[in-house]
Amino acid sequence: MGSTRYDLDARYDRARKAGYGTKSAGEIFTQNAKRKAHESMNPYGISFRESRDSEVHPNSIPIILGLDVTGSMGHIPYELIREGLPKLMGGIIQGGVPDPALLFLGIGDHECDSYPLQVGQFESGDEELDMWLTRTYIESGGGGNAGESYLLAWYFAAFHTRTDAFEKRKQKGLLFTVGDEPCLKTLPASAIREIMGTGQQTYRHTELLEEVQKRYDVYHISVLHTDQAVRADKGWKELLGQNCISIEDHREIPNVIKGIICDQYKGHKSGEADQELNNFQML
């Protein structure tokens, strides 16, 4: 995937024709009326989602965005399709990162929801990214169990993605989750089997975080729109430190992600330049 480019002009024109600025969430996210996840986003039986280099994108940068689609956070995908996604992708590219490949995940609650994980594909083109985002089922579930399944994003990224960035260049991808709840602490083997079709091991959230950090820089964006979210934010900061970013206005999500990605990319390129200089001086 990822062999097309993100065209802002084409995206704005298509969004206008599609009525993203005027239609309701129910009209745009058509899976909501069907009350089930789109078949193409069902993770059951998936071996891998791959971010590969192409002629168009020779240095692909894998980015995973896990969106909480439970009740209190279900408006975020709607805001992204209306305005946030072109701001995010346009900002990344204009910020000097030419080859982003973005994968959407829909995250719910594996203890309560019918569809606790939904999975798109790594894409770079505007039309493809809109397609995967609007296919997402905003289940609006969750439960009173003091957490959501953000650890499913870590599990999927750790064990079910492959990227040329890491395999060819030893360059980590970037993984973002966005939410307002604590992370559930345990992912049972039984839940993994039910969601993925296979799974023999139960994991603690800290174990999955350690696994995914081998190949991704992991961030969480805490949306502090309730007192409960503020309390959850403390736990995220203990878990991720400075990689937990706290915001009060959800409209800042694209800017936060764009800034981190651009800074990481510039740091990586600077490191490459320093290494090349060192190699030259050793000759």
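Analysis parameters
- Sequence positions are assigned chain by chain, starting from 1 and proceeding in written order.
- Under the rules for a predicted model, residues below a pLDDT of 70 receive no local features and side-chain atom pairs below 80 are neither given nor counted, while totals for whole chains, interfaces and linings still include all residues.
- The side-chain quantities take in all heavy atoms of the structure and omit both hydrogens and water.
- Elements are defined by DSSP. Helices are runs of H or I of four residues or more, strands are runs of E of two residues or more, and each kind is numbered from the N terminus.
- This radius of gyration counts C-alpha atoms alone. The globule rule is 2.2 Å times how many residues there are, raised to the power 0.38.
- For every residue, the accessible area (1.4 Å probe, protein chains only) is compared with the maximum for its type, and the residue is labelled buried under 20%, exposed over 50%, or partly exposed between those bounds.
- Should any heavy atoms of two residues lie within 4.5 Å, those residues are considered in contact.
- Only the protein chains shown count as cover for residues, with accessible areas throughout obtained via the Shrake-Rupley method and a probe of 1.4 Å.
- Charge assignment in this entry is limited to Lys and Arg as positive and Asp and Glu as negative, and neither His nor the chain termini are counted.
- By convention, charge coordinates are those of NZ in Lys, CZ in Arg, CG in Asp, or CD in Glu.
- Only strands joined by at least two bridges in the DSSP assignment are considered to pair.
- To define axes, lines are fitted to C-alpha atoms, for helices over the stretch in contact only, and angles between the resulting N-to-C directions are given on a 0 to 180 degree scale.
- Any angle from 65 to 115 degrees is called roughly perpendicular, while one under 35 is roughly parallel, one over 145 is roughly antiparallel, and all others are oblique.
- Residue polarity follows a fixed list, in which Ala, Val, Leu, Ile, Met, Phe, Trp, Tyr, Cys and Pro are nonpolar, Asp, Glu, Lys and Arg are charged, and the others, Gly among them, are polar.

*Asks:* Requested: an account of the overall build of the protein, with residues and values cited.
*Replies:* For the protein, the helix and strand inventory stands at 11 helices and 10 strands. At 18 Å, the protein has a C-alpha radius of gyration in line with the 19 Å of a compact globule built from 283 residues. A principal-axis box enclosing the C-alpha atoms of the protein has dimensions of 60 × 45 × 40 Å. Scored against the burial criterion, the 283 residues of the protein give a buried share of 51%. Residue pairs at least 24 apart in sequence account for 80% of intrachain contacts in the protein once pairs closer than 6 positions are excluded. Surface accessibility of the protein: about 12900 Å² in total, with carbon and sulfur atoms responsible for 47%. Between the mean site of the 31 positive side-chain charges and the mean site of the 41 negative ones, the protein shows a separation of 2 Å.

*Asks:* Let's hear about the sheet that holds strand E9 (residues 216-223): which residues, and what values?
*Replies:* As summarised here, the arrangement of the 6 strands in space is E4-E3-E2-E6-E9-E10, forming an open sheet in which the pairing is mixed. The open sheet has two edge strands with one neighbour each: strand E4 (117-119) and strand E10 (244-247). Strand after strand, the sheet turns through a mean of 20° between neighbouring axes, direction not considered. In this fold helix H5 (residues 126-135) packs onto strand E2 (61-68), strand E3 (100-107) and E4, with an angle of close to 5° to the strand it touches most, E3.

*Asks:* Lay out the packing of helix H1 (residues 8-18) against H5 in plain terms, naming residues and giving numbers.
*Replies:* Orientation of H1 relative to H5, taken along the N-to-C sense of each, is 45°, at an axis distance of 9 Å. In terms of orientation, H1 and H5 fall into the oblique class. Here H1 contributes Ala10, Arg11 and Arg14 to the contact with H5, which in turn contributes Asp126, Glu127 and Asp130. A per-class count over the contact of H1 with H5 returns 1 nonpolar, no polar and 5 charged.

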